[in-house]
Amino acid sequence: MRSRLTGAIALAATAALTLAACSDDGGDGGDTGDSGDSGGDGVTIGIKFDQPGLGFMDGDTPSGFDVDVAKYVAGELGYSEDQITWEEAPSAQRETLLSTGQVDMIFATYSITDERREQVSFAGPYFVAGQDLLVAADNTDITGPDTLDGKNLCSVTGSTSAQRIKDEYSEGVNLLEQPGYAECVTALISGQVDAVTTDDIILAGLGAQPSNAGQVKVVGNTFSEELYGVGIPQDSDQCEAINEAITKMVDDGSWQEALDAATEGTGYVPNDELNPPEYEPCDM
């Protein structure tokens, strides 16, 4: 496994550092050390509600890899789980949620891009995925992004995945946007579309759902590197502390445990040459 998170800047006074509040009401920040003391009145974290294995909300109970990373980071920032408010963060609304202060952080398969950096900042990344395709289980025609001319392709509103295929691989593909990935998979199973595209780990979680099992498959031919970052407001001073928390999660084994639990039974194997990833400097 490659050297992990080597860009960390040691924070010698981390245990004494007082951070600005992450709460909706702007209360004072708290200790970011390991003592578990409260970091303030609370923190609002954006996640996906419709991505099994990553960010999924069952009633009022969230689950998935993104959720586990968010809980760990929040704990290192001084927030207990009962101080976390979970907010749905659809792809098309993530920048707005951060820039308007509706959430303090976003862990929602949020790929770091230069375009997004114009509106928000990122800590991390904490995972590297790869874009892939989900097709019907008996499909043999679609083997990669360059085999989609004349086909119908689904992705979610606000995602760049489908447009990338049209721009770079199959100009003749027909794009269909849906509000969520579950709707895309429904369209695939019904025959309305020929493929669904997004990151491989997301597709694996969708395909493993009992209602979809045996009906769909991941092509298994990734064609990008998607660096999942922690979205934070541009004026946030928490980037270094978040990176320190991710470093600790990797080093103590909690990161691997969370990933294994999230992908168990899916057959998904992440790229171990890229994971765990090196995080990017906070001044980018």
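Further up the page is the structure itself.
Residues numbered from 1 in each chain as written. Predicted model: local features only at pLDDT ≥ 70, side-chain atom pairs only at ≥ 80, totals over all residues. Heavy atoms only, no water.

(A) Broad picture of the sheet that holds strand S11 (residues 195–199). Spatially, the 5 strands line up as an open sheet ordered S10-S9-S11-S8-S12, and their pairing is mixed. Among the strands making up the open sheet, the edge pair consists of strand S10 (174–178) and strand S12 (216–218). If you compare each strand with its neighbour and ignore which way they point, the axes differ by 30° on average. Pairing of strand S9 (residues 152–156) with S11 involves 2 bridges; the strand directions are parallel. (Pairing = 2+ DSSP bridges. Helix = DSSP H or I, 4+ residues; strand = E, 2+ residues; numbered from the N terminus. Axes fitted to C-alpha atoms, helices over the stretch in contact; angles between N-to-C directions.)

(B) Structural detail: empty space enclosed by the protein. Tallied over the full model, the rule gives 2 cavities of 30 Å³ or more. Approximately 160 Å³ is the volume found for the largest cavity. Residue lining of the largest cavity: 17 residues in total, with Ser111, Arg116, Ser159, Ser161 and Asp199 positioned closest to the centre. Of the residues assigned to the lining of the largest cavity, the class counts are 2 nonpolar, 9 polar and 6 charged. Estimated volume of the second largest cavity: approximately 30 Å³. If you go around the second largest cavity, the residues you meet are Pro52, Gly53, Leu54, Ile201, Ala204, Gly205, Ala262, Thr263 and Thr266. Counting only elements with at least two residues in the lining of the second largest cavity, the list comes to helix H6 (200–207) and helix H8 (254–263). (1 Å grid on protein atoms, 1.4 Å probe; cavity = no way out; pocket = protein on both sides within 12 Å on 5 of 7 lines; lining within 4 Å. Points joined across faces, edges and corners; volume = space filled by probe spheres on them. Nonpolar A, V, L, I, M, F, W, Y, C, P; charged D, E, K, R; others polar.)

(C) Molecular detail of the packing of aromatic side chains. Evaluation of the coordinates by the stated rule reveals 9 aromatic pairs. Seen in terms of ring centroids, Phe65 and Tyr126 are 6.1 Å apart; in terms of plane orientation they differ by 50°. Their pairing is tilted. In this pair, Phe65 sits in helix H1 (residues 65–76) while Tyr126 sits in strand S7 (residues 121–129), placing the two residues 61 residues apart along the sequence. Its relative accessible area of 0% is what places Phe65 among the buried residues. Geometrically, the ring pair formed by Phe65 and Trp255 is edge-to-face, given 5.9 Å between the ring centres and 80° between the ring planes. A residue pair is termed long-range when its members are at least 10 positions apart, and Phe65 in helix H1 and Trp255 in helix H8 qualify at 190 residues. Overall, Trp255 belongs to the buried group, its relative accessible area being 2%. (Phe/Tyr/Trp six-rings, centres within 6.5 Å; stacked < 30°, edge-to-face > 60°. Buried < 20%, exposed > 50% of the residue type's maximum accessible area, 1.4 Å probe, protein only.)

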